[in-house]
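Descriptive analysis of the structure
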Amino acid sequence: MHLPEYLVAGLGNPGSRYARTRHNIGFRLVDALCDRCGGIHTLAKESSEIRIGTIEGIAVGLIKPLCYMNCSGPPIAQLADFWDVPPSRVIVVHDDMDLVFGRIKIKEKGGSGGHKGVQSIIDTFQNDGFIRVRLGIGHPPAGVSGPDYVLSAFSEAEERMLPVVLKTACDAVVTILCRGTKEAMNRFHRSEVDTVGQPTDGR
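Bear in mind the structure is a predicted one, so any value in this text is a computation, not a measurement. (Residues numbered from 1 in each chain as written. Predicted model: local features only at pLDDT ≥ 70, side-chain atom pairs only at ≥ 80, totals over all residues. Heavy atoms only, no water.)

Right, let's get into the pattern of salt bridges. Counted according to the given criterion, the structure contains twelve salt bridges. Across the pair R20 and E159 runs a salt bridge whose closest N-O atoms are separated by 3.4 Å. On the criterion of sequence distance, the pair formed by R20 in the loop between β1 (6–10) and α1 (25–34) and E159 in helix α5 (residues 156–179) is long-range, its members being 139 residues apart. For R20, a relative accessible area of 49% gives the class partly exposed. A salt bridge links E159 to R28; the nearest nitrogen and oxygen atoms lie 3.0 Å apart. Of this pair, E159 sits in helix α5 while R28 sits in helix α1, and the two are 131 residues apart along the sequence. A network of salt bridges, in which partner residues are shared, links D31, E49, R51 and K64. (Salt bridge = Lys/Arg side-chain N within 4 Å of Asp/Glu carboxyl O. Helix = DSSP H or I, 4+ residues; strand = E, 2+ residues; numbered from the N terminus. Buried < 20%, exposed > 50% of the residue type's maximum accessible area, 1.4 Å probe, protein only.)

What follows deals with the packing of aromatic side chains. What the rule picks out here adds up to three aromatic pairs. Taken together, a centroid distance of 6.1 Å and an interplanar angle of 85 degrees make the contact between Y18 and Y68 edge-to-face. Here Y18, found in the loop between β1 and α1, pairs with Y68, found in the loop between β4 (58–65) and α2 (73–83); they are 50 residues apart in sequence, far enough to count as distant. Residue classification places Y18 among the buried positions, given a relative accessible area of 14%. The class for Y68 is partly exposed, based on a relative accessible area of 49%. A cation over a ring is seen here: R132 above F130, with NZ or CZ 4.1 Å from the ring centre. (Phe/Tyr/Trp six-rings, centres within 6.5 Å; stacked < 30°, edge-to-face > 60°. Lys NZ or Arg CZ within 6 Å of the ring centre and 35° of its normal.)

So, about the packing of α1 against α5. The description of two packed helices rests on the angle between their axes and on the distance between the axes. Across the interface, α1 lies against α5 with an axial gap of 9 Å and an inter-helix angle of 70 degrees. Here α1 is positioned roughly perpendicular relative to α5, judged by the angle of their axes. Of the two elements, α1 crosses α5, and the hand of that crossing is right-handed. Contacts between α1 and α5 involve I25, R28, L29, A32 and L33 on the former and, on the latter, E159, L162, L166, A169, C170, V173 and V174. (Axes fitted to C-alpha atoms, helices over the stretch in contact; angles between N-to-C directions. Parallel < 35°, antiparallel > 145°, perpendicular 65-115°, else oblique. Left-handed = near helix turned anticlockwise from the far one by under 90°. Contact = heavy atoms within 4.5 Å.)

Now for the nonpolar core. Counting residues in each nonpolar core, the largest one holds 38 residues, and the members touching the most others are L29, L33, I91, I106, V133 and V173. The element best represented in this core is α5, accounting for eleven residues. Contacts of L29, omitting those with residues within four sequence positions, involve V93, L135, L166, A169, C170 and V173. Residues L79, V92, V118 and F125 belong to the second largest nonpolar core, which totals 20 residues. (Core = buried A, V, L, I, M, F, W, Y, C linked by side-chain atoms within 4.5 Å.)

Let us now look at the UniProt feature "binding site: tRNA" (unreviewed entry) in the protein. Under the UniProt annotation, the feature "binding site: tRNA" (unreviewed entry) is placed at Y18, Y68 and N70. A compact arrangement is adopted by the annotated residues: their sequence extent is 53 residues, whereas the largest C-alpha distance between any two is 14.0 Å. With sequence-adjacent residues up to four places away left out, Y68 is seen in contact with G12, N13, P14 and Y18. (UniProt positions renumbered as here; feature names shortened; annotations may be inferred.)

Bringing the UniProt feature "active site" (unreviewed entry) in the protein into the picture now. Within this numbering scheme, the UniProt entry marks H23 as carrying the feature "active site" (unreviewed entry). For H23, the position within the fold is in the loop between β1 and α1. For H23, a relative accessible area of 12% gives the class buried. Non-local contacts of H23, meaning those with residues more than four positions away in its chain, are made with L11, G12, N13, M69, D95, H115, V150 and L151.

At their nearest, the axes of α5 and helix α6 (residues 181–188) sit 7 Å apart, and the two run at 150 degrees to each other. In terms of axis orientation, α5 runs roughly antiparallel to α6. Seen along the crossing, α5 lies across α6 with a hand that is right-handed. Every residue of α6 that contacts α5 at T168, D171, A172, T175, I176 and R179 is listed here: T181, E183, A184, R187 and F188. Among the residues forming the contact of α5 with α6, the class breakdown is four nonpolar, three polar and four charged. (Nonpolar A, V, L, I, M, F, W, Y, C, P; charged D, E, K, R; others polar.)

So, in structure tokens, the structure goes:
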């Protein structure tokens, strides 16, 4: 087993109560990525669910922090330090209410955009230079608060489209690993899922 060259962390909340909520799309992306990994090893750790494998020959640690969303930073930073993975090779996948459902955006650094899980990582690393893969979950409808919205389940129509969304997001992560962030931005910033669950180029 090779030590990871990259760490991919999907953000979410632990437990069955939150498993199908919008806030946990990062967890679901990590689960989908595991299907692309070869030589998977599962490690037991109280603070995280950890799998190590290879994607296109690159050793990757796939992480789901098992603390709550707002405390995502410490377990991710602990593993990055243990594996000697710099922030520039940490890829954080999280939900984003500012993007329509099915839209993907990639950032190399910057602020949290109000996402408390991302802010926890910035605060813990004392560094904002990690890669973010932002997965659109849509904006709350009128009369629904942000916290209530992210902790709600996807609609039946969205659940039907999620496999396509997650496949496209997996492709984006693999592109970052193999070809770099700029290539991934060029390929996926215009991608979204249309109403029948097919990928489009965003035009």
